[in-house]
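Okay, here's what each chain looks like letter by letter:
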Amino acid sequence: MRLFLVRHGDADAEIPEGLGDEARALTAKARTSTAQHFASLAARIGPVGRILTSPLVRTVQTAQLLSIAARFEGPLKVHRCLLPDMPVGAVEPVLNEFADENLVLVGHQPSMGALAAHLLGMQSFPKPVNPGTVIGLERAEGESSPPFKFLFYAAPGQQVLDVIQ
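Within each chain, residue numbers correspond to sequence positions counted from 1 in written order. Predicted model: local features are reported for residues with pLDDT of at least 70 only, side-chain atom pairs are reported and counted for 80 or more only, and whole-chain, interface and lining totals are derived from all residues. The basis for every side-chain value is the complete set of non-hydrogen atoms in the structure, without hydrogens or water.

### Overview of the overall build of the protein chain
The helix and strand labels rest on DSSP assignments: H or I over at least four residues marks a helix, E over at least two residues marks a strand, and numbering proceeds from the N terminus. Looking only at helices and strands, the protein chain has 4 helices and 6 strands in total. Counting from the amino terminus, helix and strand elements in the protein chain follow one another as β-α-β-α-β-α-β-α-β-β. The size measure is the radius of gyration over C-alpha atoms, and the globule rule it meets is 2.2 Å times the number of residues to the 0.38 power. Its C-alpha atoms give the protein chain a radius of gyration of 15 Å, near enough to 15 Å, the size a compact globule of 165 residues would have. Expressed along its principal axes, the backbone C-alpha trace of the protein chain runs to roughly 50 × 30 × 30 Å. Looking at the 165 residues of the protein chain, the share that counts as buried comes to 42%. Put simply, of all contacts in the protein chain between residues at least 6 apart along the chain, 66% involve residues at least 24 apart. Type-normalised accessible area, obtained with a 1.4 Å probe on protein chains alone, sets the label of each residue: buried when under 20%, exposed when over 50%, and partly exposed for intermediate values. Note on contacts: a residue pair qualifies if any of its non-hydrogen atoms lie within 4.5 Å across the two residues.

### Concerning the nonpolar core
We call a set of buried Ala, Val, Leu, Ile, Met, Phe, Trp, Tyr and Cys residues a nonpolar core when their side-chain atoms join them within 4.5 Å. Judged by nonpolar contacts, the single largest core of 27 residues is most densely connected at L105 and F125. Only β1 (2–7), α3 (92–97), β4 (103–107), α4 (111–120), β5 (134–139) and β6 (148–154) provide two or more residues apiece to this core. It is α4 that provides the largest number of residues to this core, a total of 6 residues. With residues near it in sequence (within four places) discarded, F125 still touches G113, A116, A117, L120, I135, F150, Y153 and I164. Counting 20 residues, the second largest nonpolar core, distinct from the first, contains I45, A63, L65 and A70.

### Remarks on the environment of R50
Of note, R50 is situated in strand β2 (residues 50–53). Apart from the residues within four sequence positions on either side, R50 is in contact with F72, K77, F98, E101, N102, L103 and V104. Polar contacts, as used here, are pairs of N or O atoms within 3.5 Å; protein pairs need one atom able to donate a hydrogen and one able to accept it. Residues neighboring in sequence count only if both atoms are side-chain atoms. Here E101 takes part through its side chain, which lies 3.4 Å from a polar atom of the side chain of R50.

### Quick look at the pairing of β2
Here, strands pair whenever DSSP counts at least two bridges between them. Note that β2 and β4 share 4 bridges and pair parallel. What sits directly across from L52, in β4, is L105.

### Some remarks on the pattern of salt bridges
Salt bridges, as used here, are contacts in which a Lys or Arg side-chain nitrogen is within 4 Å of a carboxyl oxygen on Asp or Glu. Evaluated as defined, the whole model comprises 5 salt bridges. The closest approach of N and O atoms between R24 and D21, which form a salt bridge, is 2.6 Å. Taken together, the shared-partner salt bridges in this structure form one network comprising D21, R24 and R58.

### A word on helix α2 (residues 57–69)
Residue count minus one, scaled by 1.5 Å, sets the expected span of a helix. The end-to-end C-alpha distance of α2 is 19 Å, a good match for the 18 Å that 13 residues give at a rise of 1.5 Å each. Buried within α2 we find R58, T59, T62, A63, L65, L66, S67 and A69. Of the surrounding elements, those touching the buried residues of α2 are β1, α1 (28–45), β2, β3 (76–78) and β4. Directly beyond the C-terminal end of α2, a positive phi value near 55° is found at R71.

### A look at the side chain of T133
For T133, the location among the structural elements is in the loop between α4 and β5. If near-sequence neighbours (up to four positions away) are discounted, T133 is found in contact with L5, V6, R7, P128, Y153, A154, A155 and P156.

In structure tokens form, the structure reads like this:
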């Protein structure tokens, strides 16, 4: 299993009138830059078996952009384990359920950074997980600890890192 943790792109700072934070959409600039960022990573990500996203508007929009870049033809699935501030452990059943697929999880910070750290056996993830960041992981063979190994870190506008410290 290859796992890609994605933080949503930059969202509009203004909350739509009469709605809550969950309705904030990506900015026009973020839609363009995030789409370009994902397109540059498409070959590195490779085929995707499933994309799960938080139900918030900005994450669904980000998942849509990634699905286009990755040429993913399946449906995007919303999952509550990716809501902001959900505990890291909430994702474990999802990882087990889709263990045979390359999986993309589109969510929020600090959840994505905390999940990456947890799966890599770190206290905290050593890089900032800015909007649009993609962290690539791969499930380690057998009963290993940590359960995943690091593949890459790709923050928008920065060089992709194949090693983190």
